[in-house]
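# Breakdown of the fold
Take a look at the letters that make up each chain.
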Amino acid sequence: MSKTKWRALDHCDDTGQNDETVLQEGQQSITTQQDSFEWIIIKDSEDINVTTTDTQAAVSLELGIQVAIGVVLSIAIGSSTQADQVVQDLKQVTRNRQSNRQKTIVEQSKDVDIVTRDTDIAINLQLLIQILVAIVISLDIL
Amino acid sequence: MNDSSKQPFVPEKVVQLMVDSIFKKNGIKPEEMKRNISDEQKQMLREMVNDLRKQVDQFNKGNNDITKSSD
């Protein structure tokens, strides 16, 4: 029987064909939605380490900063309609962002480290915190 | 300040200008806003902002990343 494929689970058949194969297919399109799709497919492989952005943590942090901006503005601006308008204007700057679509496929591989970062969400977080800091600086708080 | 806040994605001045222009557009004067906040509130807001800033820095450093390993 001829051996055509290296299989991770056949430990005795290690013939040294440990070519690491990491294919990445990324497509980004401009949308006003906040999309984040990440696929990591690992097939017939062993010793794979995957490190990825905790999107859940990022989203809750994002919400936290948005709430903080709202709180600062509603305290500082007496009128709630005026405060709402400012929040709306700020949202227009931060909302537009690209969607994150990543696909990582690992097949028939061994000892692979995969590190993926959702840079879109990182940029958005950074921008939001900068806006919050800019607001409190203009209020002489920081 | 640490590395990630030293190198923001958008220059700080740009954000400051943008915030100022949004205030101006809505007829809001920073001087009036300053009068609306008590010293106690200022202290609380300062702590809140610093705390959030710390969390963002930690996130940018990848401290919150999830790692999964196969056996």
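Everything in this summary refers to the structure shown in the same document. (Residues numbered from 1 in each chain as written. Chains lettered and ligands numbered in written order. Predicted model: local features only at pLDDT ≥ 70, side-chain atom pairs only at ≥ 80, totals over all residues.)

## What to know about the overall build of chain A
The helix and strand tally for chain A stands at 3 helices and 7 strands. What you see in chain A, going N to C, is helices and strands ordered as β-β-β-β-α-α-β-β-β-α. By residue count, 24% of the 142 residues in chain A fall in the buried class. Taking as baseline every contact in chain A between residues at least 6 positions apart, the subset at least 24 positions apart corresponds to 78%. (Helix = DSSP H or I, 4+ residues; strand = E, 2+ residues; numbered from the N terminus. Buried ≥ 20, exposed ≤ 12 C-beta atoms within 10 Å, placed from the backbone. Contact = placed C-beta atoms within 7 Å.)

## Notes on the sheet that holds strand S1 (residues 66-69) of chain B
Reading across from one edge, S7(A)-S4(A)-S1(B) is the order of the 3 strands in this open sheet, with mixed pairing throughout. Since the sheet does not close on itself, it has two edges, and those belong to strand S7 (110-115) of chain A together with S1 of chain B, each with one partner. Across this sheet, the average inter-strand angle for adjacent strands is 5°, counted without regard to direction. (Pairing = 2+ DSSP bridges. Axes fitted to C-alpha atoms, helices over the stretch in contact; angles between N-to-C directions.)

## Here we look at helix H2 (residues 12-25) of chain B
Residues and elements named next belong to chain B. In this model H2 runs 20 Å from its N-terminal to its C-terminal C-alpha over 14 residues, within 8% of the 20 Å that 1.5 Å per residue would give. Listing the buried residues of H2 in full gives Val-15, Val-19, Ile-22 and Phe-23. Down the axis, H2 shows its buried residues gathered within 100° of arc, on one side only. Structural note: H2 exposes Lys-13, Val-14, Leu-17, Ser-21, Lys-24 and Lys-25 on the side pointing more than 90 degrees away from its buried face. (Expected span 1.5 Å × (residues − 1). Arc of directions from axis to C-beta.)

## Looking at the nonpolar core
Within the largest apolar cluster, 35 residues are counted, with the highest numbers of intra-cluster contacts made by A:Ile69, A:Ile131, A:Leu132, A:Ile135 and A:Val136. For this core, the elements supplying multiple residues, two or more each, are helix H1 (55-76), helix H2 (80-95) and helix H3 (119-138) of chain A together with H2 and helix H4 (39-60) of chain B. Top contributing element to this core by residue count: H3(A), with 10 residues. Ignoring sequence-local partners within four residues, the contact set of A:Ile69 consists of A:Val87, A:Leu90, A:Ile131, A:Leu132 and A:Ile135. (Core = buried A, V, L, I, M, F, W, Y, C linked by C-beta atoms within 7 Å.)

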